[in-house]
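So the chains spell out like this:
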Amino acid sequence: MATPGTWDRSQEPLQPLTGFNPKGFSGDPASAAGKPGMGPWIRMVPLIAFSGLHPTTGSVHDPLLVLDGLEDSGIRLKCLSERLFSEVKVLWMDGKGRNITGNALSTDTSGNAGSSIVLKPGSGNAVSCRIVDNLGKTSTESSVVITESFFPTISLWLPAFVMILLFGIFLVLAAVYKLRINQKATDQEKNAQKQIQEDIEEFKMELEEVQEKFQKENQEMTTKIEQIQAQLDFRRAQSNAVPLTLDELCKHPELSLRDRSRVVSCSAAEQLHPKPAVLAKESFSQGKHYWEVEVRDGSGWELGVLAEEIRDSLRKDGMALPREREQVLSLGYSRGEFTIPGGWNSGPCPVLGVFLDQESHNLSFFDVEGKSLLASLPLRFSGNLFPFFSPGSDGKGLGIRSVGGS
């Protein structure tokens, strides 16, 4: 039972919060949807209970609780009181009666007082504001209960979305970094391959130059070696020189000998067929033998060796060379070309060297002035062989000269 002049809190019913606005604005709460900071996360389903506690003595106003808006994921509440000529203080308490530290708004000698707090989700939905008047020895209190659904909420998918977004950004950055590393490695590999290719091309050019130079030097060296070898072969052949004398008894009637039977010429006005010939007195059956013949610039001549059987038949037939040449091996010169069996040809030479090698079965002809080999023919018959000479009908004879002589 209440004493006179006091209010019993237990008898006072809960009333709606006077002047309550969920956005902290005056007017229709629906107009608060445009205030920044609330967004789509606020579920505007307030279930609020208010208890006005009347003063214990005298007639005073209850403190006014005002929803000032959303702040730091919570709800800022203000407690206001207007009292004249009073000395007041503002106390905050949660639903369990524990004190809550608030932020003073104003306190002056006129009795105006105010304080604010931020009510966080999970900190308790009930809160009370008590105004204590030390001068008037009175206290008044107002309470409010706010449902959890009224607090600003964040979608449960938002953290997951943020994590996925951050992870996606990380993957993109990692992929970009990897691509840059791969591109850099690819560029380095391409540059290395390009450099290697350039080096290969440079080495190939250097190698081609070296090969070309080597081939040129090798060709020159080969030519020089061939020349030296030809001169060596010529000197070896010349070292087997033998004297020859033409046989007066083995010559054609149109031929004449002079200079101690060492020069033969033809007196016929035109070329005879078959060709007239004269043989040397000397014959060879084995070993190596060399002699030299001055042919100068004559034409239509022929010289070589023949078998003894051919020699005997020529003596019977008037010393005309046979058309069948099975046992005759020779070199001829006509119309500016040397001719031998097989069509070989070369330019003229004033002195001709003849080398009969019965050990190697070869008959070779040398350019004496050039000290070079003109032709080498295989000797396919053996026995006693006789050198023979057949001058042309141009009046220029063939002469046997001493080896190394002028």
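As a reminder, the structure under discussion sits directly above these lines.
What counts, and at which threshold
Residues numbered from 1 in each chain as written. Predicted model: local features only at pLDDT ≥ 70, side-chain atom pairs only at ≥ 80, totals over all residues. Heavy atoms only, no water. Disulfide = S-S within 2.5 Å. Helix = DSSP H or I, 4+ residues; strand = E, 2+ residues; numbered from the N terminus. Buried < 20%, exposed > 50% of the residue type's maximum accessible area, 1.4 Å probe, protein only. Polar contact = N/O pair within 3.5 Å; in protein donor to acceptor, adjacent residues only side chain to side chain. Salt bridge = Lys/Arg side-chain N within 4 Å of Asp/Glu carboxyl O.

Caption draft 1: View of the state of the cysteines. One pass over the full model with this rule turns up 1 disulfide. One disulfide bridge connects Cys79 with Cys129, the sulfur atoms lying 1.7 Å from each other. Measuring the twist about the S-S bond at about -85°, one finds the Cys79-Cys129 disulfide to be left-handed. Within this pair, whereas Cys79 is found in strand E3 (residues 74-81), its partner Cys129 is found in strand E8 (residues 126-133), the two being separated by 50 residues in sequence. In this structure Cys79 comes out as buried when scored by relative accessible area, which is 0%.

Caption draft 2: Spatial organisation of the environment of Ser265. Topologically, Ser265 is positioned in strand E12 (residues 263-266). By relative accessible area, which is 10% here, Ser265 ends up buried. Considered as a pair, Ser265 and Gly397 are 132 residues apart in the sequence and their alpha carbons are 4.0 Å apart. At 3.3 Å, the side chain of Ser265 forms a polar contact with the side chain of Arg258.

Caption draft 3: Structural context of the pattern of salt bridges. The full count for this structure, using the stated rule, is 12 salt bridges. Residues Lys396 and Asp297 are paired through a salt bridge, measuring 3.2 Å at the closest nitrogen-oxygen approach. Here Asp297 lies in the loop between strand E14 (288-294) and strand E15 (301-307) and Lys396 lies in the loop between strand E21 (385-390) and strand E22 (398-401), a separation of 99 residues in the sequence. Residue classification places Lys396 among the partly exposed positions, given a relative accessible area of 38%. Residue classification places Asp297 among the exposed positions, given a relative accessible area of 55%. Taking the shortest distance from any N to any O, the salt bridge between Arg325 and Glu302 comes out at 2.6 Å. Placement of Arg325 in the loop between helix H2 (308-317) and strand E16 (328-334) and of Glu302 in strand E15 is noted, with a sequence separation of 23 residues between them. Given the relative accessible area of 33%, Arg325 is considered partly exposed. Beyond isolated ion pairs, a larger network of salt bridges with shared partners links Lys275, Glu302 and Arg325.

Keep in mind these numbers describe shape, not what the thing actually does.
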